Amino acid sequence: MIPPLPRRWPPCGNRCSGSSAHKSWALHLLAAWRFAPKHDAPSGSGTIKAASQPQLGKDRCMPLHIRDLRGLEGPNIYYPVPAVKLQVWADRDISRPLSDAIKQWAQQVGVVIGALQQEVQPQDGGYLVTTTWTTPLPNIGERIAEAVVADLQAAESGDEEYSHDDALFAAIGERKRAEPSLAQLQLYAEARARDLPMMPRGDGKLVFGSGSAGYVFDPATLSLGMPAEIPWDSIGAIPVVAITGTNGKTTTTRLIAHILSTSGRRVGHTDTDGIVINGQQVEQGDWAGWGGARRVLTDPDVDVAVLETSRGGILRRGLGFSSCNVGVITNISADHLGELGVETPEQMAEVKGIVVLATEADGYVVLNADDPLVLALRQWSSAPLILFSRDPGNPAVAQHLEQGGGAVWSDGEAIKLKAAGQQGQIALADMPITFGGAAFHNVENVLAAIGACLGLGLDLATIEAGLRTFTPDATHNANRLNVFRRVNMSVVFDYAHNVAGIQALIRFGQALQRQQGGRLLFVLGGPGDRSDNQIRAMGQLAGEAADLLLLHEEERYLRGRQLGEITRLYQQGAAAAQVADNRILCFPDELAALEAGLAELQGADVMLVAAHAERETMLQRLEQWSREE
């Protein structure tokens with residue numbers, strides 16, 4: 001489980017935004033890391049037998065195994081700096097020998113650790129011990145964690161073949177390969193003193209600062225004895241916008257990136273479909289995590305970074321940036337629960353709230369005032385708030401405005417704003433992505449994007465120009481509410497993959513259905529890593545709304561389930577909506593379901609398509625369909 005997160009990180013640094021407390025701690029840690037004693041060889045020689053390892057009880061065979069181990073390379077739910085999380089299950093409380101062994105191993109390997117914390121919970125007839133600690137080398141911290149557990153297992157079982165020394169030599173070797181030289185550490189210290197980030201690139205070079213304001217340096221020159229000529233006075237950091245939430249992250253990210261691009265900035269943005277640098281896609285796939293952020297921030301052709309930030313990325317590796325200038329949280333709903341220790345929406349809000357903690361005090365935090373879980377995160381912010389709402393009478397927004405705060409809201413006809421020294425309105429009819437206000441969820445995404453752009457200092461005219469030219473198609477927002485039309489028929493293609501997403505898609509489809517007067521068809525499928533109840537709920541929602549259900553599943557999206565299991569759960573949900581069997585059709589994959597749906601369309605019908613595995617092929621087919629006579 002995720003423990004309740006404090007409003008600030010533990011004493012190792014109260015923020016990750018470059019505050020003096022964080023910088024001084026980081027400098028201390030780097031210095032200590034380099035000058036700590038390095039035990040290049042363990043004391044003694046030969047193999048240390050299990051009898052020499054920590055003793056947990058000679059007469060018992062204790063089950064002991066790792067439940068979770070993560071090297072967190074950026075700010076995370078425990079600390080504002082790199083860290084390690086080790087979660088071990090044992091048949092009794094081993095927290096003390098575990099922490100002692102971690103400290104001993106760190107000293108022997110020659111890696112500084114700090115702020116070690118432990119939590120012990122009874123579970124499954126034993127104890128779940130969660131241990132976290134900070135370290136500048138989390139990958140080596142992972143090796144130490146594995147070795148500690150191996151030591152304890154060998155000691156408990158009396159394994160005389162186990163070699164402590166072999167594991168120690170291997171860890172020391174990894175540390176030597178991973179740690180920087182004294183000359184590099186001096187450069188790190190210089191960068192920190194100037195409040196500049198320092199990031200390694202994939203090609204082995206270092207970037208001081210970030211993006212187009214940064215400086216690329218080849219550390220190989222240091223090994224040649226050449227002096228480091230760094231133009232410190234000309235180095236800076238580019239603005240960073242981080243967007244997180246359950247739904248709407250990708251569309252909001254793309255909206256912000258488009259508005260900035262139309263204003264003349266060279267934008268690097270990441271989302272679940274890839275990485276785009278200055279309008280060119282350089283990577284495909286899900287890059288809404290640590291790796292995507294680092295790829296953008298170390299690119300010299302980027303003036304502004306707009307980073308979709310997923311909960312998986314935060315939990316698995318931490319943030320890919322030390323701080324951001326604008327942090328945006330779109331919404332929180334019951335999705336991805338039961339994964340990576342997150343069991344409740346409240347815990348999910350705490351994970352997403354890391355973006356709030358990471359926002360610079362002189363930046364802005366943009367929060368959805370219609371979502372109580374998101375709104376509650378305002379207590380964590382040291383930056384000014386810009387609230388957004390689809391409810392013109394939202395009391396939190398009214399109070400915030402009365403107190404001099406900023407807000408962006410919609411009255412159903414226009415978006416109005418008063419924030420960051422600007423005031424005005426933009427008609428919903430002038431923004432194609434909102435479909436005149438019919439796409440409620442895209443109205444929310446636009447509100448969030450406007451708030452972020454105001455926080456970056458863009459003027460209203462620039463923002464409006466970008467919104468007018470952002471179209472709901474594959475050019476600007478592929479796989480998100482793309483509408484294809486032929487004669488009087490419409491197909492809505494979307495990435496809806498959770499209950500909230502399905503609800504939003506249905507709401508929009510029903511609005512089109514009322515306009516057109518035909519039937520509503522639904523091509524429904526999705527990933528298997530949702531709970532049975534969530535999948536049933538999506539089937540029930542679709543069954544209640546649609547005149548015909550076309551169900552499918554993709555083998556690559558089963559995610560641990562058996563073939564046919566997802567479709568059966570959808571059918572169970574539809575049965576709860578009392579959908580007749582002749583209104584449900586099942587297909588082996590997305591493409592087959594889409595073709596059957598297109599063949600079924602007639603008159604003024606509307607068809608909703610929730611697509612995942614074959615999105616590019618399906619988009620091409622729908623483009624073709626829309627041009628057919």
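Keep in mind that this is a model prediction, so the values were computed, not measured. (Residues numbered from 1 in each chain as written. Predicted model: local features only at pLDDT ≥ 70, side-chain atom pairs only at ≥ 80, totals over all residues. Heavy atoms only, no water.)

### Here's the deal with the confidence of the model for the protein chain
Phase 1 of the analysis: Mean pLDDT over the protein chain: 89, with 90% of residues reaching 70 or higher.
Phase 2 of the analysis: Note on residues 13-61: pLDDT under 50 across the span, and 113 contacts to partners over four residues away in sequence or across chains. (pLDDT = per-residue confidence, 0-100. Contact = heavy atoms within 4.5 Å.)

### Notes on the pattern of salt bridges
Phase 1 of the analysis: In total, this model carries 35 salt bridges according to the counting rule given.
Phase 2 of the analysis: With a shortest N-O distance of 2.5 Å, arginine 317 and glutamate 73 are connected by a salt bridge. With arginine 317 in helix α9 (residues 311-317) and glutamate 73 in the loop between β1 (64-72) and β2 (83-90), this residue pair connects regions lying 244 residues apart in the sequence.
Phase 3 of the analysis: For arginine 317, a relative accessible area of 33% puts it in the partly exposed group. (Salt bridge = Lys/Arg side-chain N within 4 Å of Asp/Glu carboxyl O. Helix = DSSP H or I, 4+ residues; strand = E, 2+ residues; numbered from the N terminus. Buried < 20%, exposed > 50% of the residue type's maximum accessible area, 1.4 Å probe, protein only.)

### A short note on the pairing of strand β11 (residues 280-284)
Phase 1 of the analysis: By the bridge criterion, four bridges tie strand β10 (residues 274-277) to β11 in an arrangement that is antiparallel. Note on β11: the bridge partner recorded for isoleucine 275 is glutamate 283.
Phase 2 of the analysis: Between the antiparallel neighbours β10 and β11 lie two residues, among them asparagine 278 with a positive phi of about 50°. (Pairing = 2+ DSSP bridges.)

### Structural notes on the environment of arginine 583
Phase 1 of the analysis: Inspection of the secondary structure puts arginine 583 in the loop between α19 (565-576) and β23 (584-586).
Phase 2 of the analysis: The exposure class assigned to arginine 583 is partly exposed, which follows from its relative accessible area of 26%.
Phase 3 of the analysis: The contact partners of arginine 583, leaving out residues within four places of it in the chain, are Gly543, Ala546, Asp547, Leu548, Leu549 and Gln578.

### Remarks on the side chain of threonine 330
Phase 1 of the analysis: Mapping threonine 330 onto the fold places it in the loop between β13 (324-329) and α10 (345-352).
Phase 2 of the analysis: A distance of 2.7 Å separates a polar atom in the side chain of threonine 330 from the backbone oxygen of asparagine 247.
Phase 3 of the analysis: Non-local contacts of threonine 330, meaning those with residues more than four positions away in its chain, are made with Ile243, Thr244, Gly245, Thr246, Asn247, Gly248, Lys249, Thr252, Asn368 and Phe388. (Polar contact = N/O pair within 3.5 Å; in protein donor to acceptor, adjacent residues only side chain to side chain.)

### Observations regarding the domain arrangement of the protein chain
Phase 1 of the analysis: Split into domains, the protein chain comes out as domain 1 (64-178), domain 2 (181-233), domain 3 (240-469) and domain 4 (482-627).
Phase 2 of the analysis: Spacing between the C-alpha centres of domain 3 and domain 4 amounts to 28 Å.
Phase 3 of the analysis: Contacts between the two partners involve 13 residues from domain 3, matched on the other side by 13 residues from domain 4.
Phase 4 of the analysis: Note on domain 3 versus domain 4: buried area summed over both sides is about 1,100 Å², and carbon and sulfur give 47% of it.
Phase 5 of the analysis: Ranking the residues of domain 3 by area buried against domain 4 places Asp335, Phe435 and His441 at the top, with a combined share of 35%.
Phase 6 of the analysis: Here aspartate 273 ties to arginine 615 by a salt bridge, and the two come within 3.1 Å at their closest N and O atoms.
Phase 7 of the analysis: Linking domain 3 to domain 4 there are six residue pairs in polar contact (both at pLDDT 80 or more).
Phase 8 of the analysis: A class-by-class count of the residues in the side of domain 3 that touches domain 4 yields five nonpolar, five polar and three charged. (Domains from an automatic or database assignment. Buried area = accessible area lost by both parts, 1.4 Å probe. Nonpolar A, V, L, I, M, F, W, Y, C, P; charged D, E, K, R; others polar.)

### Focus: the sheet that holds strand β20 (residues 489-494)
Phase 1 of the analysis: An order of β19-β20-β24-β21-β22-β23 is seen for the six strands of this open sheet, with the pairing classed as mixed. Each having just a single partner strand, β19 (482-486) and β23 make up the two edges of the open sheet. The mean inter-strand angle of the sheet, taken between neighbouring strand axes irrespective of direction, is 15°.
Phase 2 of the analysis: As defined by bridge partners, β20 adjoins strand β24 (residues 606-610) across five bridges and the pair is classed as parallel. Bridging across to β24, aspartate 494 finds its partner in alanine 610.
Phase 3 of the analysis: Strands in contact with helix α20 (residues 590-600) are β20, β21 (520-524), β22 (548-551) and β24; relative to β24, the strand with the most contacts, it is inclined by about 175°. (Axes fitted to C-alpha atoms, helices over the stretch in contact; angles between N-to-C directions.)

### Structural notes on the packing of aromatic side chains
Phase 1 of the analysis: Here the structure, examined in full by the defined rule, presents four aromatic pairs.
Phase 2 of the analysis: Seen in terms of ring centroids, phenylalanine 208 and tryptophan 232 are 5.3 Å apart; in terms of plane orientation they differ by 70°. Their pairing is edge-to-face. On the criterion of sequence distance, the pair formed by phenylalanine 208 in strand β6 (residues 206-208) and tryptophan 232 in the loop between α6 (220-223) and β8 (240-244) is long-range, its members being 24 residues apart. With respect to class, phenylalanine 208 is no different from tryptophan 232; both count as buried.
Phase 3 of the analysis: A centroid spacing of 4.8 Å and a plane angle of 55° characterise the contact between phenylalanine 435 and phenylalanine 508, whose relative ring orientation is tilted. Taken together, the residues phenylalanine 435 in the loop between β18 (422-427) and α14 (440-455) and phenylalanine 508 in helix α17 (residues 499-516) connect sequence positions 73 residues apart.
Phase 4 of the analysis: Among the residues examined, phenylalanine 435 registers a relative accessible area of 23% and is labelled partly exposed.
Phase 5 of the analysis: Within the aromatic cluster, the residues linked to one another by ring pairs are Phe208, Phe217 and Trp232. (Phe/Tyr/Trp six-rings, centres within 6.5 Å; stacked < 30°, edge-to-face > 60°.)

### Brief notes about helix α21 (residues 615-627)
Phase 1 of the analysis: Compared with the 18 Å implied by 1.5 Å per residue over 13 residues, the 19 Å span of α21 between its first and last C-alpha is a close match.
Phase 2 of the analysis: Along α21, the residues classified as buried are Arg615, Met618, Leu619, Arg621, Leu622 and Trp625. Considered in projection along α21, the buried side chains sweep an arc of 165° and stay on one side of the axis. Among the exposed residues of α21, those oriented more than 90 degrees off its buried face are Glu616 and Arg627.
Phase 3 of the analysis: Residues of α21 that are buried in the fold lie against α16 (474-477), β19, β20, α20 and β24. (Expected span 1.5 Å × (residues − 1). Arc of directions from axis to C-beta.)

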